[in-house]
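Listed below are the residues making up each chain.
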Amino acid sequence: MMTPDAFARLVRLPAALTAPGDTLAGAAASGRSLGPHTVLLPLCSTLIYWAGMALNDYADRALDAVERPERPIPAGDVTPTEALAVAIVLTTAGVGIAALSGGRRALAVALPLAASVWAYDLVFKSTPFGPVSMAATRLLDVLLGAGSVPAALPAALTVFTHTLGTTTLSLDEVHGSKNGVVGTLAVAGTTGAAVMAAFGRVRQPANKWLPRVVGAALATVYLGTVAPAQLRARNTRAAADVRRAVGASVIGTIGLQAALIARSGAVGTGLAVAALLPLGRRLTRRVSAT
């Protein structure tokens, strides 16, 4: 029977802190406040994220036995059937919560979001379309919280840009990079996302200067969290440095989301999301060490 520790490792528990900010960024960008129809959508994102992690280990179980034997399935802590069952249950729960919380509008995005997660893990991950497929799931996750797709699309594309660079970089985390091109692209994506978050076009909040200042400050925090590790990975090309850069990029998503939320006018929510960043980094280090 799966233990709580094995479940936490299977679903990458700390990394799930990067999921709720997507829907909050979409809601803020479209001027949608948290209420009965949106308050549970971050939970939906988290459940589908966890489902994707469990499905990832199910799909990669043979490869992980060679390259990542410490993962739950090759380590013998989780069976493939258990991992698949977790993925199915969490996906169903996430889509169901989206329907209950946001109605048809949320369900119209949650279903493609869930489908894109499964398509990435089972079809696209090992193909040249893998990074774009993963980035598309994040784009849909941002739109899940939006009241208006056109209004939230710039924020969604910003998260898409960040995720595209992160996923492309992750292709080299086992064997290292053969050249610095991938690292350069990741740094360019991070820089571009930071600029988009700090200066991109958003709906005009009532108080214009405070969201701009806080949004720019949080975008700078995001850049400082992610770019140094990516630059080191680009320079050394070593697998260990690439893995550290990928980890920093994943957790750094929180800072990007916070910047987008604050820039859209929800300064308090943006700062609350930003407060998850040090927690995520601490938990990630603890999980990595154990």
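For the structure, check the block above.
This report concerns the structure included in the present document. Because the structure is a prediction, the values reported are computed rather than measured. (Residues numbered from 1 in each chain as written. Predicted model: local features only at pLDDT ≥ 70, side-chain atom pairs only at ≥ 80, totals over all residues. Heavy atoms only, no water.)

### Quick word on the environment of Ala-6
You can see Ala-6 is positioned in helix H1 (residues 4–10). Exposure remark for Ala-6: the relative accessible area of 1% places this residue in the buried category. When the C-alpha positions of Ala-6 and Gly-76 are compared, they lie 9.7 Å apart, and in sequence the two are 70 residues distant. (Helix = DSSP H or I, 4+ residues; strand = E, 2+ residues; numbered from the N terminus. Buried < 20%, exposed > 50% of the residue type's maximum accessible area, 1.4 Å probe, protein only.)

### Let's talk about helix H9 (residues 209–236)
If you check H9, its first and last C-alpha atoms are 41 Å apart, about what 28 residues at 1.5 Å a residue would give, namely 40 Å. A bend of about 30° at Ala-227 is the largest found in H9, and the proline Pro-228 appears one to four places after it. For H9, the full list of buried residues reads Pro-211, Val-214, Gly-215, Leu-218, Ala-219, Tyr-222, Thr-225, Val-226, Ala-227, Gln-230 and Ala-233. Following H9 by one or two positions, Arg-237 adopts a phi angle in the positive range, close to 65°. (Expected span 1.5 Å × (residues − 1). Bend = angle between axes of the 7 residues up to and from the residue.)

### Some points on the pattern of salt bridges
If the charged atoms of two oppositely charged side chains come close together, the side chains can form a pair. By the definition in use, this model includes 13 salt bridges. For Arg-68, the salt bridge goes to Glu-67, with nearest N and O atoms at 3.9 Å. On the basis of relative accessibility, which here comes to 29%, the residue Glu-67 falls in the partly exposed class. Residues Asp-241 and Arg-232 are paired through a salt bridge, measuring 3.2 Å at the closest nitrogen-oxygen approach. The buried category is assigned to Asp-241, whose relative accessible area is 6%. Salt bridges here are not isolated pairs; linked through shared partners, they connect Arg-12, Asp-57, Asp-64, Glu-67, Arg-68, Arg-71 and Glu-173. (Salt bridge = Lys/Arg side-chain N within 4 Å of Asp/Glu carboxyl O.)

### Side note on the side chain of Thr-190
By secondary structure assignment, the location of Thr-190 is in helix H8 (residues 181–199). Given the relative accessible area of 1%, Thr-190 is considered buried. Sequence-distant contacts of Thr-190, defined by excluding residues within four places in its chain, comprise Tyr-222, Leu-223, Val-226, Ala-227 and Gln-230. (Contact = heavy atoms within 4.5 Å.)

### Some points on the packing of H9 against helix H10 (residues 239–263)
The interhelical angle for the contact between H9 and H10, taken along N-to-C directions, is 170°, at an axis separation of 8 Å. With respect to H10, the axis of H9 lies roughly antiparallel. A class-by-class count of the residues in the contact of H9 with H10 yields 15 nonpolar, 7 polar and 5 charged. (Axes fitted to C-alpha atoms, helices over the stretch in contact; angles between N-to-C directions. Parallel < 35°, antiparallel > 145°, perpendicular 65-115°, else oblique. Nonpolar A, V, L, I, M, F, W, Y, C, P; charged D, E, K, R; others polar.)

### Comments concerning the environment of Gly-265
Along the chain, Gly-265 turns up in the loop between H10 and helix H11 (267–274). Given a relative accessible area of 30%, Gly-265 falls into the partly exposed group. On a C-alpha basis, the gap between Gly-265 and Pro-211 in space is 5.2 Å, while along the polypeptide they are 54 residues apart.

### Topic: unusual backbone geometry
Even without glycine at this site, Arg-12 takes up a positive phi of about 55°. Of note, Arg-12 is situated in the loop between H1 and helix H2 (20–29). Unusually for a residue other than glycine, Arg-237 sits at a positive phi of about 65°. Structurally, Arg-237 can be placed in the loop between H9 and H10.

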